[in-house]
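Spelled out from the first residue to the last, the chains are:
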Amino acid sequence: MKNTALYWVVCGLLLVGSFACFALINRADLPTASVAGMDDPAKPRIVKSDAEWKKLLTPEQYYVLRQQGTERPFTSPLVDNHQKGTFKCAACKTPLFSSDTKFESGTGWPSFYAPISKKNVIERVDKTLGMVRTEVECGGCGGHLGHVFEDGPKPTGLRYCMNGVALEFEKK
Ligand SMILES: [Zn+2]
């Protein structure tokens, strides 16, 4: 009888132990999971430490891309850029927007009605500043680009409101 009780205690401990291990393994997996493949749009493909990004980016780029900052409106030369070409991520050079989808929003930030590919951007809910907005991140490096709103022009009705400092223009 005593032995049976001991048996169940040991079994119970083993069970709890394996659950704890499982939880720990899952936690330990979190940082490496962010290096995951291209087919998962919710995870950036390029992962660098904060210190590395700080070295690579200008202070303005770092503030917007890595600290979810917002540049002052009408400060980016890209607002009035009407040349044909591609707007890439300033940090990792992932092609994000084509000049074909750029439009005059009057907001003071470069605005587009669609990304080059949905795979190249990550969209997630942002509840900061007492608002519910959809944040747009670079699918390549996870850098913050801006927000997307549903008051854009046809054909999508979307307005990708981007920080010019987070973009780099490549003329066609
Ligand atoms: Zn990027």
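Residues numbered from 1 in each chain as written. Predicted model: local features only at pLDDT ≥ 70, side-chain atom pairs only at ≥ 80, totals over all residues. Heavy atoms only, no water.

A.B. asks: I'd like a rundown of the overall build of the protein chain, residues and numbers included.
C.D. replies: The helix and strand tally for the protein chain stands at three helices and nine strands. Each helix (α) and strand (β) of the protein chain, taken in turn from the N terminus, gives the series α-α-α-β-β-β-β-β-β-β-β-β. Taking all 172 residues of the protein chain together, 35% fall into the buried category. At a minimum sequence separation of 6, the contacts of the protein chain that also span at least 24 residues come to 53%. Total accessible area on the protein chain stands at roughly 10,700 Å², and carbon and sulfur atoms take up 62% of it. (Helix = DSSP H or I, 4+ residues; strand = E, 2+ residues; numbered from the N terminus. Buried < 20%, exposed > 50% of the residue type's maximum accessible area, 1.4 Å probe, protein only. Contact = heavy atoms within 4.5 Å. Areas by Shrake-Rupley, 256 points an atom, 1.4 Å probe, with all protein chains shown as cover.)

A.B. asks: I'd like to hear about the coordination of the zinc ion, residue by residue, with values.
C.D. replies: At the metal site, the zinc ion is ligated by Cys89 (SG), Cys92 (SG), Cys138 (SG) and Cys141 (SG), and these contacts range over 2.3 Å. Every donor counted, the four donor atoms about the zinc ion form angles of 98 to 115° at the centre, which fits tetrahedral coordination. For the zinc ion, all donor residues lie on one chain, and their spacing in sequence is C-x2-C-x45-C-x2-C. Of the residues examined, Cys89 reaches a relative accessible area of 0% and is grouped as buried. (Donors = N, O, S within 2.8 Å, 3.2 Å for Na, K, Ca; no water. Tetrahedral: all angles 85-135°; square planar, octahedral: opposite > 155°, others 65-115°.)

A.B. asks: Now, about the nonpolar core: what can you tell me, with residues and values included?
C.D. replies: Residues Leu65, Cys89, Leu96, Leu145 and Met162 are the most contacted members of the largest nonpolar core, which totals 24 residues. Of all the secondary structure elements, the ones that give two or more residues to this core are helix 3 (59-67), strand 1 (85-89), strand 2 (95-98), strand 6 (133-138), strand 7 (144-149) and strand 8 (159-162). Ranked by residue count, the leading element in this core is helix 3, at three residues. Setting aside anything within four residues of it in sequence, one finds Cys89 in contact with Leu65, Thr94, Leu96, Cys138, Cys141 and Ala166. (Core = buried A, V, L, I, M, F, W, Y, C linked by side-chain atoms within 4.5 Å.)

A.B. asks: Report on the environment of Ser105, specifying residues and quantitative values.
C.D. replies: Here Ser105 lies in the loop between strand 3 (102-103) and strand 4 (111-112). Each C-alpha atom, one on Ser105 and one on Tyr160, is 9.8 Å from the other, the two residues being 55 residues apart in sequence. Discounting residues that sit within four places of it in the chain, Ser105 has contacts with Ser111 and Arg159. In terms of polar contacts, Ser105 uses its side chain to reach the side chain of Thr107, at 2.8 Å. (Polar contact = N/O pair within 3.5 Å; in protein donor to acceptor, adjacent residues only side chain to side chain.)

A.B. asks: Describe the sheet that holds strand 4, naming the residues involved and giving the relevant values.
C.D. replies: Strand order across the open sheet formed by six strands is 3-4-8-7-6-5, with antiparallel pairing between neighbours. Sheet topology places strand 3 and strand 5 (121-126) at the edges, where each strand pairs with a single neighbour. Pairing geometry for strand 6 and strand 7, over four bridges, is antiparallel. Following the sheet pairing, Glu137 is matched in strand 7 by His144. (Pairing = 2+ DSSP bridges.)

A.B. asks: Could you give me a rundown of unusual backbone geometry, with the residues and numbers involved?
C.D. replies: Keep in mind that most residues, glycine aside, have a negative phi and that most peptide bonds are trans. Of note, the amide linkage connecting Lys154 to Pro155 takes the cis form, showing an omega dihedral of 5°. Relative to the elements of secondary structure, Pro155 occurs in the loop between strand 7 and strand 8. Residues other than glycine seldom take positive phi values, yet Gln68 does so here, at roughly 55°. Tracing the backbone shows Gln68 in the loop between helix 3 and strand 1.

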